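The primary structure of each chain is shown beneath.
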Amino acid sequence: MTRSLDVELGPAAVGVLVGLAGLLYLLTPVVRPNPIPVGSVAVSTVVLSAAVLTVGFTLGAVVFARRGHRLFALAHAVFAVAWALLVVGPLVGSSGVLLAGVVVLVAGVGFLMSQSR
């Protein structure tokens with residue numbers, strides 16, 4: 001008997017991105033050199049991890065929105081913005097952008113907690 005996997009592309013891609021982000025983060029103490037060269041720029045694996053997680057959150061927002069799950073889509077979109085700010089802030093050397101990322105992250109958590117009631 002032949003069985004086939006019923007894998008949906010959108011959620012599978014989100015899962016792969018989140019898994020890759022976690023793997024990059026966990027490999028940080030092992031990867032040498034760290035930061036690693038990406039093109040002409042040297043980037044820390046922690047920054048790469050956060051950037052991949054940002055892409056995963058963004059894709060998750062699209063996947064949930066297409067399925068009609070507005071709250072989950074909104075949560076993913078808010079956290080995509082927060083993580084993007086947390087990645088961009090240190091890269092450009094702006095503490096204001098980094099602080100904005102923290103504020104968006106905390107506000108997003110607060111909003112989701114209020115919606116769980």
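Higher on the page you've got the structure.
Residues numbered from 1 in each chain as written. Predicted model: local features only at pLDDT ≥ 70, side-chain atom pairs only at ≥ 80, totals over all residues. Heavy atoms only, no water.

Quick look at the overall build of the protein chain
Here is step 1: Assigned secondary structure in the protein chain consists of four helices and two strands.
Here is step 2: Moving toward the C terminus, one meets the helices and strands of the protein chain in the order α-β-β-α-α-α.
Here is step 3: For the C-alpha atoms alone, the extent of the protein chain along its principal axes is close to 50 × 45 × 20 Å.
Here is step 4: Taken over 117 residues, the protein chain has a buried fraction of 24%.
Here is step 5: Excluding contacts between residues fewer than 6 apart, the proportion of contacts in the protein chain whose partners are at least 24 apart in sequence is 50%. (Helix = DSSP H or I, 4+ residues; strand = E, 2+ residues; numbered from the N terminus. Buried < 20%, exposed > 50% of the residue type's maximum accessible area, 1.4 Å probe, protein only. Contact = heavy atoms within 4.5 Å.)

Remarks on the nonpolar core
In a soluble, globular protein the nonpolar side chains are often hidden away together inside.
Here is step 1: Judged by nonpolar contacts, Leu17, Ala21, Leu24, Val52, Leu53, Phe57, Ala75, Phe79 and Ala80 together constitute the single largest core of nine residues.
Here is step 2: Of all elements in the fold, only α1 (9–26), α2 (45–66) and α3 (70–92) reach the threshold of two or more residues within this core.
Here is step 3: For phenylalanine 79, the contacting residues outside a window of four places in its chain are Phe57, Leu105, Gly108, Val109 and Leu112. (Core = buried A, V, L, I, M, F, W, Y, C linked by side-chain atoms within 4.5 Å.)

Re the pattern of salt bridges
Pairs can form between side chains of opposite charge once their charged atoms are near each other.
Here is step 1: Scanning the model with the defined rule gives one salt bridge in all.
Here is step 2: When the shortest N-O distance is used, the salt bridge between glutamate 8 and arginine 67 registers 2.1 Å. Taken together, the residues glutamate 8 in the segment before α1 and arginine 67 in the loop between α2 and α3 connect sequence positions 59 residues apart. (Salt bridge = Lys/Arg side-chain N within 4 Å of Asp/Glu carboxyl O.)

A few points about the environment of valine 38
Here is step 1: Assignment of secondary structure puts valine 38 in strand β1 (residues 36–38).
Here is step 2: On the accessibility criterion, valine 38 (40% relative accessible area) is partly exposed.
Here is step 3: Not counting residues up to four positions away in its chain, the partners in contact with valine 38 are Val43 and Leu48.

Notes on the packing of α1 against α2
Here is step 1: Interhelical geometry of α1 versus α2 gives an angle of 165° and a closest axis separation of 8 Å. Viewed along their axes, α1 and α2 adopt a mutual orientation that is roughly antiparallel. The two elements α1 and α2 cross, and the hand of that crossing is left-handed. Along the contact surface, α1 presents Gly10, Pro11, Ala13, Val14, Leu17, Val18, Leu20, Ala21, Gly22, Leu24 and Tyr25, while α2 presents Thr45, Val46, Leu48, Ser49, Val52, Leu53, Val55, Gly56, Leu59, Gly60 and Val63.
Here is step 2: Residue composition of the contact of α1 with α2, grouped by class: 16 nonpolar, six polar and no charged. (Axes fitted to C-alpha atoms, helices over the stretch in contact; angles between N-to-C directions. Parallel < 35°, antiparallel > 145°, perpendicular 65-115°, else oblique. Left-handed = near helix turned anticlockwise from the far one by under 90°. Nonpolar A, V, L, I, M, F, W, Y, C, P; charged D, E, K, R; others polar.)

Here we look at a nonpolar patch on the surface
Here is step 1: Together, Leu20, Leu23, Leu27 and Val30 line one region of the surface with nonpolar side chains, adding up to about 340 Å² of accessible area.
Here is step 2: Within the secondary structure, leucine 20 sits in helix α1.
Here is step 3: Accessibility expressed as a relative area gives 38% for leucine 20, which makes it partly exposed. (Patch = residues over 30% accessible without salt bridge, like charges linked within 9 Å, V, L, I, M, F, W, Y side chains within 5 Å. Areas by Shrake-Rupley, 256 points an atom, 1.4 Å probe, with all protein chains shown as cover.)

Digging into the side chain of threonine 45
Here is step 1: Looking at where threonine 45 falls in the secondary structure, it is placed in helix α2.
Here is step 2: Residue threonine 45 is classed as buried on the basis of its relative accessible area, which comes to 2%.
Here is step 3: Engagement of the side chain of threonine 45 in a polar contact is seen with the side chain of threonine 28, the distance being 2.7 Å.
Here is step 4: Those residues in contact with threonine 45, other than ones at most four positions away along the chain, are Leu24, Thr28, Val31, Asn34 and Ile36. (Polar contact = N/O pair within 3.5 Å; in protein donor to acceptor, adjacent residues only side chain to side chain.)

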